Amino acid sequence: MLWANGSACALWGATDMPSLLARDFASSLSDTSRTRFALYGEAFARGETVREQWTFFPNGRPVTVDCLCSGWPYEGRTVLLVEGREAATAAAEDAERRSLEALRHSPEMVSLYRHDGAVLMRNPAAQLAFDAVMPGEPDRFAATVMDAAQGSALRRDLADRRETTAVVRAMTGHGERWHEVALRAVSDPATGLPAILAIQHDVTERMRLQRELQASEERLQMAVDASRHGLWDWNVQTGATYYSPRWQSMLGLEPGEVPSDIGVWEERTHPDDREAMRRALDDHLGGRTPSFLCEYRMRAKDGSWVWILGRGRVVDRGPDGRALRMVGTHSDITERKAADAELADSKARLDAILANAPVGIFIVDDGRRVLRANEAMADIFQWPMDALVGAGTRLMYGDDGVYDDIGRRAYPVMRQGETFADTIPMRRADGGEVWCRIIGRQIRADDPTLGYVWLVEDVTVRRRAEQTLNDRIAFQRVLLDTVPVPIFIQDVSGFCIDANTALEDWLGLDRQALFGRMLSDLASEELALLDEAANRDLLASGRTQTFESRIRCVDGVLRDVVVSKAVFRRNGGKPAGIVGAMVDISERKRAEQALLERHALFEQIFVASRAVKLLVDPDGGLVVDANPAAAAFYGHGLDALRGLRLEDVSAPAAPGAKPDTSWAQGGTQGGAGTPGEGGRTLHCRHRLASGEIRDVEVYVSPVQVNGRRLLLTLIHDITERRLAEEGLRRKTAELERSNAELEAFAYVASHDLRQPLRVINSYLALLERSLEGQLDEETTEFIGFARDGAQRMDRLIVDLLEYSRVGRKAKAFRPVPLDDLVNTALLNLQVAVAEASATITVEGPLPTVDGDENELIRLFQNLIGNAVKYRTPDRAPVVTVACARDSDRGLWVFDVRDNGIGIAPEHLERVFGIFQRLHRRDEYEGTGVGLAVCKKIVEHHGGAIWVDSVEGQGSAFRFTLPVRPLPVPQEEAP
C-alpha cells in the first residue's frame, strides 16, 4: 500500500497510516477475492475502472468492502486507487438514496405533517398538487380535504387505529380532484415528535369510470326490465338456473313461480323442437360453435305455444375446458314468426301475380344482366327461364345497334328517376323478330344497386294490323283521289275530316285546311242549312240523302250541284261519320233555263235544235211531232216517229215489267220525276230502232200549240252518266264501309292499348290494399313505381286521344263573346292563381268571334295556366291578356304575356309539338300536350299561333282569329 486515508486505517484497525502502509493489499484478501482481483490486472494496466466487492481479513475477521478500483500511471508504473465502503453501510446508504430518488420521481403525492397539520416534507408530486392551495392556512393537512367533517373523521380514525385509508375530495392546484388517501401515525425523524405520513393517489378517472359503470349498469337493468328479452344464468355443474322476471312473464308465469332448475326449460320446450335445441346447446357447450343460437317453441302457462329465440354463451370454463357457467337471453319472436309466415304468403301471391301478368316483367342490374323474370317474358322470347335469368339482355336483341341505342337512351333517363318507353324490334330464341313495347324505370333512384324493372308487351300482331291498316288507308286515299267527283267525309258533328283531290281543286283549298271545318264555313248559308238538315235525317233514318244547292268554286263560278250523303257505321251499328259526294249539274240547270227561255220561240227552234224533242199528246201518249235530232237518236224516220206512241219507244225498268208512260197522261200530273217551272224531269229507259236500250232524262213541260194542249218533251241521253253514277255509288259504298271499319279499328286499338294498363293498375291496387301494413318500405315503393308507370302511360294515351278529337267533335261555330270565355277560364284556374299569388290582367273589352265555345275556353285556360305554372321562384306571376285588330288581314291578334322563366330561342318552335317537354317532370308536371292542343284549336278556327320569349324574363304567346264578316244580302239566282 502506498497511501491510505483515515477511513482505510479504521477499516484495517491500524492506528496510523505508516502502520497500514507496511501491509500488502492483495495478501489481505480472501482466496476467492484474490483470485478475482488477479483477473483484473490487465484492465487496471489499461487504466480501466472496476467496481467489485472484495472480502478482506484486516484483523483476522472477514470484512466485505464495496470497492471502486481504478488503474493510474505513477512514476512509470501502474498504481491502483481503491475507494471503498463496508458493504453493509453502503447498502444502507444506497437504499436510502434509492428511496429518496423513488420518492422524488413517484407520481404518488407523499407528505409528512406535524400533528398540528404543518408541512414537514412533501415530494415533488405533492408540492405540485398542494403548495399553491391556501398557502396562508396553518393546518395544511386540513386545507387539502374539501370536506372538513371528513378531515376531522380521518384524524380521529388515525388516533384510534394508527393508520387509515379513505377516498376524499381534495382541493389541488388543478382544481377539485378525487384522491385515495393512506394515513399513518409516525414520528418526525428529526425531532421524534408525532407526525402524519400521508400518501395520496389521484383516482378521479377511476371514480368517473365507476360512476359511469354504475349508471351503465342501472341503464342496462332498466333496458332489460323494459325490453322483450328474458335473462337466464345457468350453473352447468349443479343445474341451478336463474330466470329473470321477464323470462317468466314471457310464458305467462308470475315471478318466482318457476323453479330455479334447468329442467324447467327443457320440460316446457315443444317435443318437436327439443332435439334441435339440445343439439345447438351441446354444440356450444362442446366448443364447436362460438355461441348458442336456436329458435324453438315453449309452452306458456295457458297451454299456448310461444316462439322463442334463444341466445347464450359460456362465460366460465374449467381448466379442462368443460363449461361451468352459461348465460343468455330468451326473446319472444311469435309475432315475427307470424309476420314471416304472412310475408311468405304475400310473396307467393306476388309471385302468382307476376306469373299471370299479361305482360313480361324482368329486373336487370346496372350491367344489364337479368336478375329475375316472369313466365310471360320466357313465353315472349321463347327462352327457358334458367337460360334467361343471369344472362345479359343482349340475347333479346336482333342486332347490336338497337341494343346499344337502348343503352344510350334509356339508362341515363332512368337514372334520373324518369320512366323510359319505346317500341322496338327484338329477337326470340329461334331468331324470329318480335316487336315489343318496353317501359323501364330504376327501382330506387338512391340505390342503383337494386337495378331496373322493365315491362315488355308483345305488340307484333298489333303492329302488323297497324301496317295493314296503313296500307288500306293508303289504298283508299289513292282510290278517293282518282275519283273525279268531289268527295268529302264528315264526323257525326258535321266537321270535315277528309276530302279528295277533286274537292280540293273545286274549292282551291288543301285538305288539311278543310280539316275541322264545317260546310257552312265553305258554302252559302242555304247550302249549310240543307247540309245540316240532311245530316240530321241521315243520322236519324240511315237513308241516303240527296239535295241540290249552289257552291262558289275557286274560279269564282257559282256551280249548281247535287249533294249525295250516306252514313258509315262502326261495329255495332253506331254512326261513325258521313261521306258526301257532289255532282256538278250546272249544265243541266242551264239547259233547263234555256228551254224556258225558248218556250215562246218553240216553233222556230224546235226543228233546228240538236236536242231530242218530242211533242206528245197527253190523252193517248201519241207522238205528235219530233225534231230531226229525235229521229237521229231513235233511228226512226220523222214520219214513222210521229205515228208512234210513248210505249213504243219506252222500255220497262225491269225485265218482265211494262213500260211506265203514266207520266204523260193527264198533262204534268202524276208520274215520277223532278218538278220544274211548268214542267218536270224524269228518268226512264227508251228503246231505239236498233233495239238498244238507253237511259234518258226526260224533261216534260205543257205547251199550247195552235190551241191544243200538248207536252213538250226534251230527251237527254244519260246512259253514260248513269253508268258513272252507278260506279260512284259503288265506290262510295265501299268507301263508307272501309271508313267505318277504320274508325272501329281505331277505337278497338285504343281500348286494347289501355286495357293491359288498367289490368296492371287494378291488380297492383288490389295487391297494395290486401297487403297494407304488411309490406316493407322497399316493396311498397316497387309497387308504387309500377302503378305510377301504368297510370302515366294511361294518361299519355288519354291525352293523345283528346288531342286527336280537337276539331273533330266540335260544335258548329257561332258568335262567342271572348270576355265571358276568359272569365270562365280564370274561374277554372282560380285555385292555381291563388296558390301562385298571380296577378291576371285582361285589357278589354275583348271582341266577339265565330268559334266553338269549349275549344276557345280550353285555349285561354291552357295559355294562362302555363303562364302561372312556369314562373320563377323569386317573383309572383304577372299575366296580361290583350287584343288588337289587324284590319289589313282581317284578323284579331291576341297576346298572352307573362314574366315567367321564358323559353330558349332554339325551343320556340318545338314547344308546340305534341309531347314536347322542356323540363323534367319533378320540376314542372304535365304531359307536353297543352300547347299542341292550343295550336290545333287556333288552326281549327282559321288562325295561327306563335311565341316570342326572352329566357329568364318571360314569354308572349300570340295567336290570331278571323274577324267576324259583316252580314251581306244573299245573292239571287239569275
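Residues numbered from 1 in each chain as written. Predicted model: local features only at pLDDT ≥ 70, side-chain atom pairs only at ≥ 80, totals over all residues. Heavy atoms only, no water.

- In the nomenclature of an unreviewed UniProt entry, the protein chain is known as histidine kinase of Azospirillum rugosum.
- Of the protein chain, the UniProt comment under Catalytic activity (unreviewed entry) reads exactly: "ATP + protein L-histidine = ADP + protein N-phospho-L-histidine." (UniProt positions renumbered as here; feature names shortened; annotations may be inferred.)

**Section: the overall build of the protein chain**
Piece 1. The helix and strand tally for the protein chain stands at 31 helices and 37 strands.
Piece 2. Within the protein chain, the fraction of its 974 residues that count as buried is 40%.
Piece 3. Taking contacts inside the protein chain between residues at least 6 apart in sequence as the whole, the part at least 24 apart equals 48%.
Piece 4. For the protein chain, the exposed surface amounts to about 52,300 Å²; the carbon and sulfur share of it is 53%. (Helix = DSSP H or I, 4+ residues; strand = E, 2+ residues; numbered from the N terminus. Buried < 20%, exposed > 50% of the residue type's maximum accessible area, 1.4 Å probe, protein only. Contact = heavy atoms within 4.5 Å. Areas by Shrake-Rupley, 256 points an atom, 1.4 Å probe, with all protein chains shown as cover.)

**Points about the environment of threonine 880**
Piece 1. Mapped onto the secondary structure, threonine 880 falls in strand β34 (residues 878–886).
Piece 2. Sequence spacing of threonine 880 and isoleucine 864 is 16 residues, and the spatial spacing of their C-alpha atoms is 8.8 Å.

**Points about the sheet that holds strand β2 (residues 63–74)**
Piece 1. Reading across the sheet, the three strands line up as β1-β2-β3 and stay open at both edges, with antiparallel pairing between neighbours. Unpaired on one side and paired on the other, β1 (49–56) and β3 (77–86) mark the two borders of the sheet. Here the average twist between neighbouring strands, direction ignored, is 35 degrees.
Piece 2. Sheet topology places β2 next to β3; 10 bridges connect them, and they run antiparallel. For tryptophan 72, the partnering residue across the bridge sits in β3 and is valine 79. (Pairing = 2+ DSSP bridges. Axes fitted to C-alpha atoms, helices over the stretch in contact; angles between N-to-C directions.)

**Digging into the confidence of the model for the protein chain**
Piece 1. The share of residues in the protein chain with pLDDT of 70 or more is 88%, and the mean pLDDT across the chain is 82.
Piece 2. Least confident of the elements in the protein chain is strand β27 (residues 674–675), whose mean pLDDT is 46; most confident is strand β11 (residues 292–299), at 94.
Piece 3. For residues 667–677, every residue scores under 50 in pLDDT, and the model assigns this stretch 25 contacts once sequence neighbours within four places are set aside.
Piece 4. Overall, residues 969–974 carries pLDDT values under 50, and its contacts beyond four positions in sequence, including any with other chains, amount to four contacts. (pLDDT = per-residue confidence, 0-100.)

**Quick notes on the sheet that holds strand β32 (residues 839–842)**
Through backbone hydrogen bonds, the strands of a sheet pair up, either in parallel or in antiparallel fashion.
Piece 1. Taken in spatial order, the five strands of this open sheet run β32-β34-β35-β37-β36, and their pairing is mixed. Edge positions in the sheet fall to β32 and β36 (945–950), since each of these pairs with one other strand and no more. With strand direction ignored, the average angle separating the axes of adjacent strands in the sheet is 15 degrees.
Piece 2. Judged from the six bridges that link them, β36 and strand β37 (residues 954–962) form a sheet pairing that is antiparallel.

**Re the packing of helix α28 (residues 818–828) against helix α30 (residues 853–869)**
How two helices pack is summed up by the angle between their axes together with the distance between the axes.
Piece 1. Contact pair α28 / α30: the axes reach a minimum separation of 9 Å and the direction vectors enclose 55 degrees. The angle between α28 and α30 falls in the class oblique. α30 is crossed by α28, and the crossing has right-handed handedness. Here α28 contributes Leu818, Leu821, Val822, Thr824, Ala825, Leu826 and Asn828 to the contact with α30, which in turn contributes Glu853, Leu856, Ile857, Phe860, Gln861 and Ile864.
Piece 2. Looking at the contact of α28 with α30 residue by residue, the class counts come to nine nonpolar, three polar and one charged. (Parallel < 35°, antiparallel > 145°, perpendicular 65-115°, else oblique. Left-handed = near helix turned anticlockwise from the far one by under 90°. Nonpolar A, V, L, I, M, F, W, Y, C, P; charged D, E, K, R; others polar.)

**Points about the pattern of salt bridges**
Piece 1. The full count for this structure, using the stated rule, is 57 salt bridges.
Piece 2. In this structure, aspartate 446 engages arginine 444 in a salt bridge whose closest nitrogen and oxygen atoms are separated by 2.9 Å.
Piece 3. With relative accessibility at 58%, the residue aspartate 446 sits in the exposed group.
Piece 4. Across the salt bridge formed by arginine 730 and glutamate 726, the nearest N and O atoms sit 4.0 Å from each other. One end of the pair is arginine 730 and the other is glutamate 726, both in helix α26 (residues 719–770) and four residues apart, which spans about a single turn.
Piece 5. It is possible to trace a salt-bridge network through shared partners that takes in Glu548, Arg588, Lys589, Glu697, Arg721 and Glu725. (Salt bridge = Lys/Arg side-chain N within 4 Å of Asp/Glu carboxyl O.)

**Observations regarding the packing of aromatic side chains**
Piece 1. Under the defined criterion, the tally for this structure stands at 13 aromatic pairs.
Piece 2. Taken together, a centroid distance of 6.1 Å and an interplanar angle of 80 degrees make the contact between phenylalanine 912 and phenylalanine 957 edge-to-face. Residue phenylalanine 912 is located in the loop between β35 (891–897) and α31 (930–940), and its partner phenylalanine 957 is located in strand β37; the two are separated by 45 residues in the primary sequence.
Piece 3. Residue classification places phenylalanine 957 among the buried positions, given a relative accessible area of 8%.
Piece 4. Members of the aromatic cluster, connected to one another through ring pairs, are Trp232, Trp265, Phe292 and Tyr296.
Piece 5. The ring of tyrosine 403 carries the charged tip of arginine 368 above its face, separated from the ring centre by 3.8 Å.
Piece 6. Here the basic side chain of arginine 885 rests over the ring of tryptophan 892, its NZ or CZ set 5.4 Å away from the ring centre. (Phe/Tyr/Trp six-rings, centres within 6.5 Å; stacked < 30°, edge-to-face > 60°. Lys NZ or Arg CZ within 6 Å of the ring centre and 35° of its normal.)

**A word on the pairing of β36**
Piece 1. Because side chains alternate across β36, one face comprises the buried residues Ile945, Val947 and Ser949, and the other comprises Trp946, Asp948 and Val950, none of which is buried.
Piece 2. The turn linking β36 back onto β37 is made up of three residues, and glycine 952 within it adopts a positive phi angle of 90 degrees.

**Remarks on α30**
Piece 1. Over its 17 residues, α30 extends 24 Å from the first C-alpha to the last, a length consistent with the 24 Å expected when each residue adds 1.5 Å.
Piece 2. Here α30 has its buried residues at Glu855, Leu856, Ile857, Leu859, Phe860, Leu863, Ile864, Gly865, Asn866, Ala867 and Val868.
Piece 3. Where α30 begins, the capping side chain belongs to aspartate 852, and its oxygen is found 3.0 Å from the backbone nitrogen of asparagine 854. (Expected span 1.5 Å × (residues − 1). Polar contact = N/O pair within 3.5 Å; in protein donor to acceptor, adjacent residues only side chain to side chain.)

**Remarks on unusual backbone geometry**
Piece 1. Even without being glycine, arginine 368 reaches a positive phi, approximately 65 degrees.
Piece 2. The topology assignment puts arginine 368 in the loop between β14 (360–364) and β15 (370–373).
Piece 3. A relative accessible area of 9% places arginine 368 in the buried class.
Piece 4. Despite not being glycine, glutamine 382 has its phi angle at roughly 60 degrees, a positive value.
Piece 5. Mapped onto the fold, glutamine 382 is located in the loop between α14 (375–381) and α15 (385–388).
Piece 6. Exposure remark for glutamine 382: the relative accessible area of 43% places this residue in the partly exposed category.

**Some thoughts on the nonpolar core**
Within soluble globular proteins, side chains that are nonpolar tend to cluster in buried spots.
Piece 1. Judged by nonpolar contacts, the single largest core of 40 residues is most densely connected at Leu818, Leu856, Leu859, Phe860, Leu863 and Phe959.
Piece 2. Of all the secondary-structure elements, those providing two or more residues to this core are α28, α29 (830–836), α30, β34, β35, α31, β36 and β37.
Piece 3. Tallying contributions element by element places α30 first for this core, with eight residues.
Piece 4. In contact with phenylalanine 959, other than residues within four places in its own chain, are Leu859, Phe860, Leu863, Trp892, Val893, Phe894, Val938, Ala944, Ile945 and Trp946.
Piece 5. In this structure, Leu395, Tyr403, Tyr411 and Met426 belong to the second largest nonpolar core, which totals 27 residues. (Core = buried A, V, L, I, M, F, W, Y, C linked by side-chain atoms within 4.5 Å.)

**Structural notes on the packing of α30 against α31**
Piece 1. Contact geometry for α30 and α31: axes closest at 9 Å, N-to-C directions at 140 degrees. As the angle between them shows, α30 and α31 are arranged oblique. The two elements α30 and α31 meet at a crossing, and its hand is left-handed. In this structure, α30 uses Glu855, Arg858, Leu859, Asn862, Leu863 and Asn866 to contact α31, whose residues at the interface are Gly930, Leu931, Val933, Cys934, Ile937, Val938 and His940.
Piece 2. Class assignment of the residues belonging to the contact of α30 with α31 gives a composition of seven nonpolar, four polar and two charged.

**Quick notes on the side chain of aspartate 852**
Piece 1. The residue aspartate 852 is located in the loop between β33 (848–851) and α30 in this model.
Piece 2. Owing to a relative accessible area of 3%, aspartate 852 belongs among the buried residues under this scheme.
Piece 3. A polar contact of 3.0 Å, which involves the side chain of aspartate 852, links it to the backbone nitrogen of asparagine 854.

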